[in-house]
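# Structure at a glance
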Amino acid sequence: VEDTRVKLVDANGNENEVKFESGQTSRTISVPDGTYNVQVSAPSIPLAADAIAAADGNTTFTEASSTMVVNGAAEGLDVTIPTLRVVSGTAKDDSNNNMANALVTIKNPATGVLSEQRTASDGTWSFSVPDDATNQYIVEPKKSGFVGTPTKVTVNGSNQTGVGLTTIAADN
């Protein structure tokens, strides 16, 4: 997943950063012996509790403190991010006009993770979301003067494109 990074910082403040390449869902990071603070940056992507793990028996990772201790040459950490799926569509008003610059939110009710973005000039929007065990998302358009209709989307091993979002004019 693009923009996913893992940074390891040793006791002296030295940093070792690894970036995930497009389409990559796992990486093993090998580092010299020592104690490291682990920082994972995966924008809008919740990581499962087991997404970060020691790569072998001589490395330990403590989730609560995000600390990794390496005791052996070239050992390290395995980091796995979920497979992403695309949820996309168009936001329209009650007259079937595309809604430019509407705010679209997508929320996973099970995890509470929420992302938002503005629609393009033609009303289109697109999110990348984890295809994980929860698989349920609520997508909703919002724009001043309109009331959006929440739409339930199930992601189950495939992209969900062409999702239509509708709004109606708010009562004055």
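It should be noted that the structure appears before, not after, this text.
The model shown is predicted, which means the values in this text are computed figures rather than measured ones.

## Concerning the overall build of the chain
When helices and strands are counted, the chain shows zero helices and 16 strands. Its C-alpha atoms give the chain a radius of gyration of 20 Å, more than 25% over the compact-globule value 16 Å for 172 residues. Principal-axis analysis of the C-alpha atoms gives the chain an extent of 65 × 30 × 25 Å. A total of 172 residues make up the chain; the buried ones form 33% of that total. Split by element, the accessible area of the chain, about 9,200 Å² in all, is 44% carbon and sulfur. For the chain, the separation between the mean place of its 11 positive charges and that of its 20 negative charges on side chains is 9 Å.

## Re the pattern of salt bridges
Following the criterion strictly, the structure yields three salt bridges and no others. The partner of E17 in a salt bridge is R5, with the nearest N and O atoms 3.3 Å apart. Taken as a pair, E17 in strand β2 (residues 15-19) and R5 in strand β1 (residues 5-10) lie far apart in primary sequence, twelve residues in all. Of the charged contacts in the structure, one is a salt bridge between E15 and K7, with a shortest N-O distance of 3.7 Å. Classification of E15 as exposed rests on a relative accessible area of 55%. Judged by relative accessible area, K7 falls into the partly exposed class, the value being 21%.

## Here's the deal with the sheet that holds β1
Pairing is antiparallel across the open sheet formed by five strands, whose spatial order is β2-β1-β4-β7-β6. Every interior strand has two partners, whereas the edge strands, β2 and β6 (59-62), have only one. The sheet shows a mean angle of 20° between the axes of neighbouring strands, taken without regard to direction.

## Remarks on the sheet that holds strand β13 (residues 136-142)
With antiparallel pairing, four strands are arranged side by side in an open sheet as β11-β10-β13-β15. Two strands close off the open sheet at either side, each with one partner strand: β11 (114-118) and β15 (151-154). Strand-to-strand, the axes of this sheet are offset by a mean angle of 25°, without reference to chain direction. The pairing of strand β10 (residues 103-107) with β13 spans five bridges and is antiparallel. Bridge pairing in β13 links I106 to V139.

Definitions and limits used
Think of each chain on its own: its residues are numbered from 1, step by step along the sequence as written. Confidence filtering applies because this is a predicted model: local features only for residues at pLDDT of at least 70, side-chain atom pairs given and counted only at 80 or more, and all residues used for totals across whole chains, interfaces and linings. Side-chain measures were taken over the full set of non-hydrogen atoms in the model, leaving aside hydrogen atoms and water. Numbered from the N terminus, helices here are DSSP runs of H or I no shorter than four residues, and strands are runs of E no shorter than two. Put simply, the radius of gyration uses C-alpha atoms, and a globule should come to 2.2 Å times the residue count raised to 0.38. Type-normalised accessible area, obtained with a 1.4 Å probe on protein chains alone, sets the label of each residue: buried when under 20%, exposed when over 50%, and partly exposed for intermediate values. Computed by Shrake-Rupley with a 1.4 Å probe, the accessible areas treat only the displayed protein chains as cover when residues are assessed. In this tally Asp and Glu are treated as negative and Lys and Arg as positive; neither His nor the chain ends contributes. A charged residue contributes its charge at one atom only: NZ of Lys, CZ of Arg, CG of Asp or CD of Glu. Here, a salt bridge means any side-chain nitrogen of Lys or Arg that lies within 4 Å of a carboxyl oxygen of Asp or Glu. Note on pairing: DSSP must find at least two bridges between two strands before they are called paired. Here the axes come from fitting lines to C-alpha atoms, over the contacting stretch only for helices, and the angles between their N-to-C directions go from 0 to 180 degrees.

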